[in-house]
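What the coordinates show
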Amino acid sequence: MNVYEECPRFEDDNFLLRFIEKADSEDLFEVYSDKNALPFFNSDNCDGDNFYYPTKERMLDAVLFWREAYENGWFVRWSVVDKSASKVIGTIELCHRVSEDAFNNVGILRIDVKSDYEKEDKLFNICSLIIPSAFELFDCSEIITKAPVYAVERINAIQKSGFIKSENLLIGKDGYAYNGYWIIKRK
């Protein structure tokens, strides 16, 4: 399956992951204007975007850009829907990274959720939905994700998912070296 031709959906009793829709910008505004969630977003190597969108217009612009990125084959953004609340509570981004550093030909996983979803059980649940299929969808044998040292709940969730701390740095397009990455290998 080519993820850029047909974007799959993933779900269980708690969450639905589906391709991001323009209408999601309303719910996502609550996520990306949440200053308590901002420190957990991974904006490494994103051309200065820190994913803080304090206006609905800026949020809509981001959603439209994410849809354009998908059409261009750059990355995929799924909306994370809390099924019990019938509300979008975050996004997942995945892409295949080609680089000249230790993280060449890996998948990069970004998980952005509202601060009240930054909990081990919720993050583990979300990871469990996407990770098993991500290796094949993004043609990689390893996936990396970022978790800063203060992201205790996130670290617990990704460790439970099988990620281990990497000592390698991600070298950005501008040569800046980013730390805090965790890696999981395909089984």
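Up top is the structure these notes are about.
Heads up: these notes are all about the structure in this document. Keep in mind that what you see is a predicted model, and the values were worked out from it rather than measured.

In this section: helix α1 (residues 25-32). An α-helical segment advances 3.6 residues per turn. Residues three or four places apart therefore align on the same side. Every buried residue of α1 is accounted for by S25, L28, F29, V31 and Y32. All buried residues of α1 project into a common sector of 160° when viewed along the axis, lining one side. Next to the buried residues of α1 lie α2 (56-71), β3 (76-82), β4 (87-97) and β5 (106-113).

Note: most peptide bonds trans; most residues except glycine with negative phi. Residues other than glycine seldom take positive phi values, yet S86 does so here, at roughly 50°. When you line up the elements, S86 lands in the loop between β3 and β4. S86 gets classed as exposed once you look at its relative accessible area, which sits at 63%. Here the phi dihedral of D139 falls at roughly 45°; this positive angle occurs in a residue that is not glycine. Here D139 shows up in the loop between α3 (120-137) and β6 (142-146). Residue D139 is classed as exposed on the basis of its relative accessible area of 64%.

Criteria and thresholds
- Residues numbered from 1 in each chain as written.
- Predicted model: local features only at pLDDT ≥ 70, side-chain atom pairs only at ≥ 80, totals over all residues.
- Heavy atoms only, no water.
- Buried < 20%, exposed > 50% of the residue type's maximum accessible area, 1.4 Å probe, protein only.
- Helix = DSSP H or I, 4+ residues; strand = E, 2+ residues; numbered from the N terminus.
- Arc of directions from axis to C-beta.
- Contact = heavy atoms within 4.5 Å.

Worth remembering: the numbers are spatial, not functional.
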